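Reading the structure
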Amino acid sequence: MSLLVVGLSHRSAPVSVLERASLSADAQLKLLQDTVAAEPATEAAVLATCNRIELYADVDKFHAGVAELSTLLAQHSGVGLEELTPYLYVHYEDRAVHHLFSVACGLDSMVVGEGQILGQIKDSLARAQDLHTAGRLLNDLFQQALRVGKRAHSETGIDRAGQSLVTFGLEQLSAGADVQQWARGKKALVIGAGSMSSLAAATLARAGVAEIVVANRTFERAERLAQILSEGDDTDVLARAVPMDSVPVELTRADVAVSCTGATGIVLTADAVAAAVERRTGAPAAGFGDAPSGADAAVGVVQEAAETPGAGTDENCPLDLSSVPTGFSVMGEAAVAGMDAATLEQHGAWATGGAVADRTREAGRPGAEADAELIAALAATAASVGRIPERRRPEPVAEVTRPQPVLFLLDLAMPRDIDAAVHRLAGVRLVDIESLADASATGPNQRTPSAGPMAADVDMVRRIVADEVAAFGAAQRAAHITPTVVALRSMAADVMAGEIARLEGRLPGLDDKHRAEITQTVKRVVDKLLHAPTVRVKQLAAEPGGAGYADALRTLFDLDPETVASVSRAENSTEKNRGPA
């Protein structure tokens, strides 16, 4: 087994990178095809969810495989390899198996223990089977991962530790209130009719919303989901379907909207949301806590910048002044916090062009030399830690109470469906993947359990994963020797057939009854001689370090390597041509 996985997830990369690296359905298909066409890989599968992108492959060379899979991920995601590489993780052989089994059990999810990942793993396997990129190894691996995940949920209380991403999102929307009480009687709009949107609609229905409107680009899918919701035995929700162009109107009626589509662009703009709130309340949905922008930022944030003439004016500054927080000097070290080295050089050239140099000369310091030293020191810091550390803290700003929201938005899409600028609108609460990642990083779901039922459940799941990884490894090692055993038995059958033919030539008068009895006797002798060593060699091969027994068997019986390889190719071809499980 030479299993390799290269990927990135919410644990290794910021949501902004995950969002840009997300793969469309077409991109996933092309990635699979290009992976198996690449030299190091013979099988491939892609697991792409809202918070992870992973490429699994059976490779014959580790380093070449890592390089090729990383390059392919970068090419198909559209994020440059240099930018993507720091966020990638690599698992190989048993560690790769352990990783996928942990993912299947929900141990690696944003919300520990969530079960939706099992459906996503099943979809990933079906996609690879449809394209015939999954052979024996990945078929076995993904099917076993599904069994391990189901076992974890049935044998432990891991469901108590975690819920679906939808439930977690609704909890964040309700700001700690009981979701059932918060949702009761509300009108909901669900944008999209895929698996995540369907889960969101079902969760909202069980939570007690009064009405669900489903909007989708394919109206028939929206109708089908609305019908399923209406006919559900456990709810009495009123559900109906609308075309996508009805979303602006429906948004004015909705109390809560959930969006999860496969769109590559923004589905709900900030202007559309603001207009919906204004039509609903009769008052403009003004920005909340917005910083001044452009020249106002330069004047209003720090007076000294406005009083300085010359090359230091804001229109030539490479710094985005609209993002400068209150109390930060556009000339000081705090202003360049987070800059990369290239932007820092531009900022230095702008600053030394007039404003900073004038001030340092007034202070009796040689301006150009001091500026050069400062910029060089900051550049060295940027090169070593990747950004400029913040030195000057912003001045305290009086908190302004945010008005209660009248519209709740949950964006579960990756890349995002709802413009992030909606966060700044008064009267709206937006929860998206980024805010869910922040909440999970500090919330109880992601803390290492130290006591109580949750800790016991998580520990039990970890033991299940460890046991299943060991069992899978043993099965794969045992399976590795099967082609050699098949080739040995095939050679023995050929020897037996040759000897029977030779006997018939020497005894031409042998009748059918005696010929059959002799043939059966020779076959029993061959089977008995091969039974013990072949059974034993499979047992030995299943143990750690047992891979060498196949080589020993081939050497001892002088088996043709091509015969063994042809058996392996036949088995793998059968697995690749098998339909979805």
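My aim in this report is to walk through the structure given alongside it, one point at a time. On a predicted model such as this, the values are computed, not experimentally measured, just so you know. (Residues numbered from 1 in each chain as written. Predicted model: local features only at pLDDT ≥ 70, side-chain atom pairs only at ≥ 80, totals over all residues. Heavy atoms only, no water.)

**Here's the deal with the overall build of the chain**
- Helix and strand content of the chain: 24 helices and 10 strands.
- Burial status across the chain gives 46% buried among its 581 residues.
- Counting only contacts in the chain whose residues sit at least 6 apart along the sequence, the fraction spanning at least 24 positions is 73%. (Helix = DSSP H or I, 4+ residues; strand = E, 2+ residues; numbered from the N terminus. Buried < 20%, exposed > 50% of the residue type's maximum accessible area, 1.4 Å probe, protein only. Contact = heavy atoms within 4.5 Å.)

**Quick notes on unusual backbone geometry**
- Residue Pro415 follows Met414 across a cis peptide bond; omega there is 5°.
- Among the secondary structure elements, Pro415 is positioned in the loop between strand S9 (407-411) and strand S10 (428-431).
- The residue His132 is not glycine, and still its phi comes out positive at about 60°.
- Within the element layout of this structure, His132 appears in the loop between helix H6 (116-130) and helix H7 (136-155).

**Regarding the sheet that holds strand S2 (residues 41-49)**
- If you trace the four strands from one edge of the open sheet to the other, you get S2-S3-S1-S4, paired in antiparallel fashion. Edge positions in the sheet fall to S2 and strand S4 (89-92), since each of these pairs with one other strand and no more. The average undirected angle you get between the axes of adjacent strands in this sheet is 15°.
- Summarising the sheet, strand S1 (residues 3-9) and S4 pair through four bridges and their orientation is antiparallel. Across the sheet, residue Leu4 finds its bridge partner in S4, namely Tyr92. (Pairing = 2+ DSSP bridges. Axes fitted to C-alpha atoms, helices over the stretch in contact; angles between N-to-C directions.)

**Topic: helix H2 (residues 25-37)**
- Helix length check: H2, at 13 residues, gives a terminal C-alpha distance of 19 Å against a target of 18 Å (1.5 Å per residue), a fit within 8%.
- The set of residues buried in H2 consists of Ala27, Gln28, Leu31, Leu32 and Thr35. Seen end-on, H2 carries its buried residues on one side only, within an arc spanning 140°. Residues of H2 that are exposed and angled more than 90 degrees away from the buried face: Asp26 and Ala37.
- Its buried side turned inward, H2 meets S2, strand S3 (52-59), helix H3 (62-77) and H6. (Expected span 1.5 Å × (residues − 1). Arc of directions from axis to C-beta.)

**Some thoughts on the sheet that holds S9**
- Ordered by their spatial adjacency, six strands build an open sheet running S7-S6-S5-S8-S9-S10, and the pairing between neighbours is parallel. Strands with a single pairing partner mark the edges of an open sheet, and in this sheet they are strand S7 (238-243) and S10. When strand polarity is set aside, the average angle formed by the axes of neighbouring strands in this sheet is 15°.
- The strands touched by helix H12 (residues 219-230) are strand S6 (211-216) and S7; relative to S7, the strand with the most contacts, the crossing angle is about 175°.

**As for the packing of aromatic side chains**
- Summed over the entire model, instances satisfying the criterion amount to four aromatic pairs.
- Ring centres of Tyr56 and Phe142 lie 5.4 Å apart, and the angle between their planes is 80°; on these two criteria the pair is classed as edge-to-face. Linking Tyr56 in strand S3 with Phe142 in helix H7, this pair joins segments that are 86 residues apart in sequence. By the burial criterion, Tyr56 is buried, and Phe142 matches it. (Phe/Tyr/Trp six-rings, centres within 6.5 Å; stacked < 30°, edge-to-face > 60°.)

**Side note on the environment of Leu530**
- Here Leu530 is to be found in helix H22 (residues 512-542).
- Since its relative accessible area comes to 9%, Leu530 is described here as buried.
- Once residues within four sequence positions are removed from consideration, Leu530 is found in contact with Leu488, Arg489 and Ala492.

**Section: the pattern of salt bridges**
- A full pass over the atoms with the stated rule returns 20 salt bridges.
- Close ionic contact of Asp140 with Arg136 constitutes a salt bridge, the shortest N to O distance being 3.9 Å. Note that Asp140 and Arg136 are positioned in helix H7 at a spacing of four residues, about one turn of the helix.
- The salt bridge partner of Glu211 is Arg240, with a shortest N-O separation of 3.0 Å. (Salt bridge = Lys/Arg side-chain N within 4 Å of Asp/Glu carboxyl O.)

**Looking at the pairing of S7**
- The pairing of S6 with S7 spans six bridges and is parallel. Opposite Val214, over in S7, you have Ala241 as the bridge partner.

**Comments concerning the nonpolar core**
- One finds Leu84, Leu165, Ile212, Leu229 and Leu412 to be the most contacted residues of the largest nonpolar core, which totals 69 residues.
- The element that contributes the greatest number of residues to this core is helix H11 (residues 195-207), accounting for six residues.
- Beyond its immediate chain neighbours, meaning those up to four positions away, Leu412 contacts Cys50, Leu165, Val166, Met196, Val258, Ser259, Cys260, Ile433 and Leu436.
- In this structure, Leu47, Phe101, Ala134 and Phe142 belong to the second largest nonpolar core, which totals 35 residues. (Core = buried A, V, L, I, M, F, W, Y, C linked by side-chain atoms within 4.5 Å.)

**Brief notes about the environment of Tyr89**
- With respect to the helices and strands, Tyr89 occurs in strand S4.
- By relative accessible area, which is 14% here, Tyr89 ends up buried.
- Expressed as a C-alpha distance, the spacing of Tyr89 and Val6, which sit 83 residues apart in the sequence, is 5.8 Å.
- With near-sequence residues (within four places) excluded, Tyr89 lies in contact with Val5, Val6, Gly7, Leu8, Ser9, Ser12, Arg52, Glu54 and His99.
- Here Glu54 takes part through its side chain, which lies 2.5 Å from a polar atom of the side chain of Tyr89. (Polar contact = N/O pair within 3.5 Å; in protein donor to acceptor, adjacent residues only side chain to side chain.)

**A word on the side chain of His10**
- Take His10: it is sitting in the loop between S1 and helix H1 (15-21).
- Take His10: its relative accessible area is 15%, and that puts it in the buried class.
- Reaching out from His10, the side chain makes a polar contact with the backbone nitrogen of Met110 at a distance of 3.4 Å.

**Re the environment of Gly113**
- For Gly113, the location among the structural elements is in the loop between helix H5 (94-104) and H6.
- Between the C-alpha atom of Gly113 and that of His153, which follows or precedes it by 40 residues, the distance is 8.2 Å.

**Observations regarding the pairing of S1**
- The buried fraction of S1 amounts to seven of the seven residues, a majority that puts the element mostly inside the structure.
- Residues Leu3, Val5, Gly7 and Ser9 point to one face of S1 and Leu4, Val6 and Leu8 to the other, with burial holding for every one of them.

**Focus: the side chain of Glu468**
- Mapped onto the fold, Glu468 is located in helix H21 (residues 452-506).
- Classification of Glu468 by relative accessible area gives buried; the value is 13%.
- Setting aside residues no more than four positions away along its own chain, Glu468 makes contact with Phe101, Gln144, Val148 and Arg151.

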